[in-house]
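These are the residues of each chain, in order.
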There are 2 protein chains.
Amino acid sequence: MSKTLKGNMLIAQGGGPTAVINCSLAGAVKEAKEYANIERIYGAVNGVNGIVNENIVDLSGETEGNMEQICRSPASALLSTRDKPDEEYCGKIFKVLKAHNIRFFFYIGGNDSSDTLRIVKEFADKEDYDIITVHIPKTVDNDLVLNDHTPGYPSAARFVAEAFVGLDLDNRSLPGVYIAVIMGRHAGFLTAASALAGRYPDDGPHLIYLPERPFSESDFVKDVKEIYNRYGRCVVAVSEGAQDKHGTPIAAKLAEEVEKDPHGNIQLSGSGSLADALSGHIKENTDIGRVRADTFGYLQRSFRMCASPVDRREAYDVGQKAVYYAADKNQSGSVTINRAGSYAAEYKLVQLEAVAGKTKVMPDEFINDKGNGITGEFVKYLRPLLGKDFVSGAARIRAEKIKKKL
Amino acid sequence: MSKTLKGNMLIAQGGGPTAVINCSLAGAVKEAKEYANIERIYGAVNGVNGIVNENIVDLSGETEGNMEQICRSPASALLSTRDKPDEEYCGKIFKVLKAHNIRFFFYIGGNDSSDTLRIVKEFADKEDYDIITVHIPKTVDNDLVLNDHTPGYPSAARFVAEAFVGLDLDNRSLPGVYIAVIMGRHAGFLTAASALAGRYPDDGPHLIYLPERPFSESDFVKDVKEIYNRYGRCVVAVSEGAQDKHGTPIAAKLAEEVEKDPHGNIQLSGSGSLADALSGHIKENTDIGRVRADTFGYLQRSFRMCASPVDRREAYDVGQKAVYYAADKNQSGSVTINRAGSYAAEYKLVQLEAVAGKTKVMPDEFINDKGNGITGEFVKYLRPLLGKDFVSGAARIRAEKIKKKL
């Protein structure tokens, strides 16, 4: 392919929202304006669904002011979709791209998005249609391989950490057992972020259960009792994807009714049933009076105040880099974030197929031996991603007790 | 009582945490240092429970730096209690106060706290023991009478409004029905705050159900269908205290299992059962595929990032004012916040019995005729309390659609 590839660009957003996915959109649109070989800058409404339905807008005339505001808003400004294109669907996408002379195609999303781009590119290659397809990573789950971390994760992690700062103080002032269920079907990164909340050694969360380690109901009760006996209270973080040693999700075992999505996956988010089942299990198996549970649900992926400044900048960067690789270097692939120094990010373009369809989980060195907490290595990993203005825990009254008189 | 009343001061925090309750503590401690007639500044650990157990600390030596940090932390730095003292309990409190020569007693809490102070004062009067008791208001529910609003409410309201900004964008990008259950057993102020999230006319929440109006399951289904047909999606805010026309909580009607607290009240917080029951009801009675529900739970009262600057300042002010009334004016009572101008706050001291045991609910002019939303009057009321940095809603892509080619 010559360096003179010229034509229109199309960008789309897919999957679940994050706090910074629009920064990637803004970064890509800004960068695209720098290249003479990018003619029109189009955006697909509702991700790939908008492509097959030719529901496409022309972003060329968006003002900088509006794009700056959009950059500060969570969720997909171009709207999203849960469609996971198969071969036939990708064929339809290709037809539309060709009809609109799209030569640069960008999809912001998880590993499914990368796979879509790979298949679309295959269709184009078969017909000798020159096109560059670049995957721009995003996911709150942080489960993309070949990435140190993924845009969207640091902000969701910050929400979780911020939430636990307050929830732990709440539990400290009115003691009992408190359980929070956090997003993450296969990867525990988001749940693990709760660990950053603590400052004092007895600050919560005191127990953290991840999908990477088998969850045992009896060990859970034992762990909670032990912490409760030590501190008179216990704060617990549990991944929605926690599963037993046979791989059966606890949500399916403890909760009576579960809903399945079209892919046959149990519905984990948008329901409080796992949290309620876990608190019910503690109530039944201990004599602890006050047991409460919350499910963070959709709050954690869309809370704008918790957007990490580091995440925002990197999300913008990967958007810019994607267009640079495509328009300047004429390279297809997936933009990845690598860690260089403490802390700095570097970006590399990797093959689409290297990212597609794979899931990264928490490495062993991030999880403690008992499988009910995390290590200092994880804290070292996450801390710089939350932004300099994040502060673990809270100050305490340091005053001494006075002598009793009665 | 002469103006020379002199002795020690005791301050305690009670009930559920707020994001700014420690500002009131900091304000009171700071002010107390100005008065020669206040000798030692004591704090009770775990509210009134700490008083009867003589679990008291000497705050006189707390550094300004630490108090500033504590001021920025949610939940009660002196820890809290759910104890609601009866006559006998108040008698015990009085004994401890007398033993430690407490002449100025401050309790930061809801209307129960005001009642405790009233009874303690009666014990003192009977024994001709000179003591000033001042109630410092706080509650996320905003349900104290004679107050324009209560410290703690604006910050919790800001959490709710911020949350709905993100949740509505999330729902807009992946449409369906989304229901969030918000704290408030009798008063709907906190749920109503969700209305501040919207910017565009079709922004959510589209429906708001408050405890002040009877909740009908059939009207609920009808309302949701109507909005869904209009916008292809529907975002709903429901008070945990929503009740039917007979006063039966919906949580008790729809959810199968409910827990009761020692006072016989149904446990509303710390469980996702109402939200799940409401989403189940929509699933059963409509053919809408994607129905999700979250319960904000304890997050809303302890999230430090959402502390409203106005709330922070006023919470500090009421702490200072309480000590001023007590030490300078030798007056007992409850400090109240009044609205003067748009927007300014004024403080007045009212009789303890005027606030004790009463509950304020949303006035009629804040609720729409259908009882499924709020009015512009409420927006006018709440807006200045959230702080100048709060922004409703989010920007949208304003680009035009391109012509279809296939």
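Everything numeric here is computed off the predicted structure, so don't read it as measured data.

Quick word on the side chain of A:Thr336
All names here are of chain A.
Part 1 of the argument: Relative to the elements of secondary structure, threonine 336 occurs in strand S10 (residues 333-339).
Part 2 of the argument: On the basis of relative accessible area, threonine 336 is assigned to the buried category, the value being 1%.
Part 3 of the argument: Here asparagine 338 takes part through its side chain, which lies 3.5 Å from a polar atom of the side chain of threonine 336.
Part 4 of the argument: Once you skip the residues sitting within four places of it in the chain, threonine 336 turns out to touch Leu146, Asn147, Glu346, Tyr347, Lys348 and Val350.

A few points about the relation of the copies chain B and chain A
Part 1 of the argument: You can overlay chain B on chain A at an RMSD of 0.0 Å; the transform is a turn of 180 degrees with a shift of 0.0 Å along its axis. Taken together, the rotation and translation relating the two chain copies correspond to the operation of a two-fold axis. When C-alpha distances to the rotation axis are compared across chain B, the minimum falls at B:Gly272, with a value of 2.2 Å.
Part 2 of the argument: Residue by residue, 100% of the interface of chain B is reproduced at the interface of chain A, so both copies engage with the same surface.

What to know about the pairing of strand S6 (residues 177-182) of chain B
Residues and elements named next belong to chain B.
Part 1 of the argument: In terms of residue burial, S6 counts as a mostly covered element, since 6 of its 6 residues are buried.
Part 2 of the argument: On S6, burial covers both faces: Val177, Ile179 and Val181 on one face and Tyr178, Ala180 and Ile182 on the other are all buried.
Part 3 of the argument: As paired elements, S6 and strand S8 (residues 234-239) share 6 bridges and run parallel to each other. Considered in S8, the bridge of valine 177 is made with cysteine 234.

Brief notes about the nonpolar core
Part 1 of the argument: Formed by 88 residues in total, the largest nonpolar core has its most connected members in A:Phe296, A:Phe378, A:Leu382, B:Phe296, B:Phe378 and B:Leu382.
Part 2 of the argument: Contacts of B:Phe296, omitting those with residues within four sequence positions, involve A:Asp294, A:Leu299, B:Phe159, B:Val160, B:Ala163, B:Phe164, B:Leu167, B:Tyr178, B:Ala180, B:Val181 and B:Ile182.
Part 3 of the argument: Counting residues in each nonpolar core, the second largest holds 44 residues, with A:Ile70, A:Ile132, A:Val318 and B:Ile397 among its members.

Looking at the pairing of strand S8 (residues 234-239) of chain A
Residue and element names in this part refer to chain A.
Part 1 of the argument: Taking burial as the measure, the 6 residues of S8 include 6 buried ones, the bulk of the element.
Part 2 of the argument: Side chains of S8 alternate between two faces, with Cys234, Val236 and Val238 and Val235, Ala237 and Ser239 buried alike.
Part 3 of the argument: Relative to S8, strand S7 (residues 207-209) runs parallel, the two sharing 3 bridges. What sits directly across from isoleucine 208, in S8, is alanine 237.
Part 4 of the argument: Where the polypeptide runs from S7 across helix H8 (residues 217-231) and back to S8, its parallel neighbour, the crossover connection is right-handed.

Describing the packing of helix H8 (residues 217-231) of chain B against helix H10 (residues 273-285) of chain B
All names here are of chain B.
Part 1 of the argument: Between H8 and H10, the least distance of the axes is 10 Å, while the angle of their chain directions is 70 degrees. When the axis of H8 is compared with that of H10, the two are roughly perpendicular. In terms of crossing hand, the pair formed by H8 and H10 is right-handed. Counting all contacts with H8, which are made through Glu217, Phe220, Val221, Val224 and Lys225, the residues of H10 involved are Leu278, His281, Ile282 and Asn285.
Part 2 of the argument: A per-class count over the contact of H8 with H10 returns 5 nonpolar, 2 polar and 2 charged.

Looking at the sheet that holds strand S11 (residues 345-350) of chain A
Residue and element names in this part refer to chain A.
Part 1 of the argument: Read from one edge to the other, the open sheet built from 7 strands follows the order S3-S2-S1-S4-S5-S10-S11, with strand pairing classed as mixed. What marks the edges here is a single partner per strand, and that holds for strand S3 (56-58) and S11. If you compare each strand with its neighbour and ignore which way they point, the axes differ by 25 degrees on average.
Part 2 of the argument: The pairing of strand S5 (residues 132-137) with S10 spans 2 bridges and is classified as parallel. When the bridges of S10 are listed, valine 134 appears paired with glycine 333.
Part 3 of the argument: Of the strands in this sheet, strand S1 (7-13), strand S2 (38-44), strand S4 (102-109), S5, S10 and S11 are in contact with helix H12 (residues 309-328), which crosses S11 at around 40 degrees.

A few points about the packing of aromatic side chains
Residue and element names in this part refer to chain A.
Part 1 of the argument: As enumerated under the stated definition, the model contains 33 aromatic pairs over all chains in all.
Part 2 of the argument: Residues phenylalanine 164 and phenylalanine 296 carry aromatic rings whose centres are separated by 5.7 Å and whose planes lie at 55 degrees to one another, so their mutual orientation is tilted. Remark: phenylalanine 296 occurs in the loop between strand S9 (291-295) and helix H11 (299-302) and phenylalanine 164 occurs in helix H6 (residues 153-173); sequence separation between them is 132 residues.
Part 3 of the argument: Take phenylalanine 296: its relative accessible area is 0%, and that puts it in the buried class.

Overview of the packing of helix H4 (residues 87-99) of chain B against helix H5 (residues 111-126) of chain B
Residues and elements named next belong to chain B.
Part 1 of the argument: Following both chains from N to C, one finds H4 and H5 inclined at 65 degrees, their axes separated by 9 Å at the closest point. For the element pair H4 and H5, the recorded crossing hand is right-handed. Within the contact between the two elements, H4 uses Glu87, Cys90, Gly91, Ile93, Phe94 and Leu97 and H5 uses Thr116, Ile119, Val120, Phe123 and Ala124.
Part 2 of the argument: When its residues are assigned to classes, the contact of H4 with H5 shows 8 nonpolar, 2 polar and 1 charged.

A short note on the environment of A:Thr18
All names here are of chain A.
Part 1 of the argument: Locating threonine 18 in the fold gives a position in the loop between S1 and helix H1 (21-32).
Part 2 of the argument: Sequence spacing of threonine 18 and arginine 304 is 286 residues, and the spatial spacing of their C-alpha atoms is 9.1 Å.
Part 3 of the argument: Each residue touching threonine 18, except ones within four places of it in the same chain, is listed here: Pro74, Ala75, Lys138, Thr139, Val140, Gly152 and Arg301.
Part 4 of the argument: Within the local environment of threonine 18, its side chain forms a polar contact with the backbone nitrogen of isoleucine 21, the two atoms lying 2.9 Å apart.

Some details on helix H4 (residues 87-99) of chain A
Part 1 of the argument: Along its 13 residues, H4(A) runs 19 Å from first to last C-alpha, staying within 8% of the 18 Å computed at 1.5 Å per residue.
Part 2 of the argument: Along its buried surface, H4(A) packs onto S1, helix H2 (47-52), S3, S4 and helix H5 (111-126) of chain A.

Quick look at unusual backbone geometry
All names here are of chain A.
Part 1 of the argument: At the junction of serine 342 and tyrosine 343, the peptide bond is cis and its omega measures out at 5 degrees in the coordinates.
Part 2 of the argument: You will see that leucine 79, though not glycine, has its phi angle at about 65 degrees, which is positive.
Part 3 of the argument: Among the secondary structure elements, leucine 79 is positioned in the loop between helix H3 (64-71) and H4.
Part 4 of the argument: Leucine 79 gets classed as buried once you look at its relative accessible area, which sits at 15%.

Overview of the confidence of the model for chain A
Part 1 of the argument: Across chain A, the average pLDDT comes to 95, with 95% of residues at 70 or higher.
Part 2 of the argument: Predicted complex, confidence summary: ipTM 0.96, pTM 0.96.

A short note on the interface of chain B and chain A
Part 1 of the argument: The interface is formed by 88 residues belonging to chain B together with 88 residues belonging to chain A.
Part 2 of the argument: Buried area between chain B and chain A, summed over both chains or domains, comes out near 7000 Å², and the portion from carbon and sulfur atoms is 55%.
Part 3 of the argument: The three residues of chain B that bury the most area against chain A are B:Arg304, B:Ile397 and B:Ile402, which together make up 10% of that side's buried surface.
Part 4 of the argument: Summed over the shared surface of chain B and chain A, the result is 4 salt bridges.
Part 5 of the argument: Ionic pairing is found between A:Glu162 and B:Arg304, a salt bridge with its closest N-O pair at 2.7 Å.
Part 6 of the argument: Among the elements of the structure, strand S3 (56-58), helix H3 (64-71), H4, helix H6 (153-173), H10, strand S9 (291-295) and helix H11 (299-302) of chain B are those that each provide at least two residues to the side of chain B that touches chain A.
Part 7 of the argument: The leading source of residues in the side of chain B that touches chain A is H6(B), at 11 residues.
Part 8 of the argument: Counted by class, the side of chain B that touches chain A contains 37 nonpolar, 26 polar and 25 charged residues.

A look at empty space enclosed by the protein
All names here are of chain A.
Part 1 of the argument: Under the criterion given, the structure shown has 8 cavities of 30 Å³ or more.
Part 2 of the argument: In this structure, the largest cavity spans a volume of roughly 120 Å³.
Part 3 of the argument: For the lining of the largest cavity, the element with the most residues is H6, which contributes 5 residues.
Part 4 of the argument: Of the residues belonging to the lining of the largest cavity, the class tally is 11 nonpolar, 6 polar and 4 charged.

Each value, and the rule that gives it
- Residues numbered from 1 in each chain as written.
- Chains lettered and ligands numbered in written order.
- Predicted model: local features only at pLDDT ≥ 70, side-chain atom pairs only at ≥ 80, totals over all residues.
- Heavy atoms only, no water.
- Helix = DSSP H or I, 4+ residues; strand = E, 2+ residues; numbered from the N terminus.
- Buried < 20%, exposed > 50% of the residue type's maximum accessible area, 1.4 Å probe, protein only.
- Polar contact = N/O pair within 3.5 Å; in protein donor to acceptor, adjacent residues only side chain to side chain.
- Contact = heavy atoms within 4.5 Å.
- Least-squares fit on C-alpha atoms with pLDDT ≥ 70 in both.
- Pairing = 2+ DSSP bridges.
- Core = buried A, V, L, I, M, F, W, Y, C linked by side-chain atoms within 4.5 Å.
- Right-handed = clockwise from strand over helix to strand, strands pointing away.
- Axes fitted to C-alpha atoms, helices over the stretch in contact; angles between N-to-C directions.
- Parallel < 35°, antiparallel > 145°, perpendicular 65-115°, else oblique.
- Left-handed = near helix turned anticlockwise from the far one by under 90°.
- Nonpolar A, V, L, I, M, F, W, Y, C, P; charged D, E, K, R; others polar.
- Phe/Tyr/Trp six-rings, centres within 6.5 Å; stacked < 30°, edge-to-face > 60°.
- Expected span 1.5 Å × (residues − 1).
- pLDDT = per-residue confidence, 0-100.
- Buried area = accessible area lost by both parts, 1.4 Å probe.
- Salt bridge = Lys/Arg side-chain N within 4 Å of Asp/Glu carboxyl O.
- 1 Å grid on protein atoms, 1.4 Å probe; cavity = no way out; pocket = protein on both sides within 12 Å on 5 of 7 lines; lining within 4 Å.
- Points joined across faces, edges and corners; volume = space filled by probe spheres on them.

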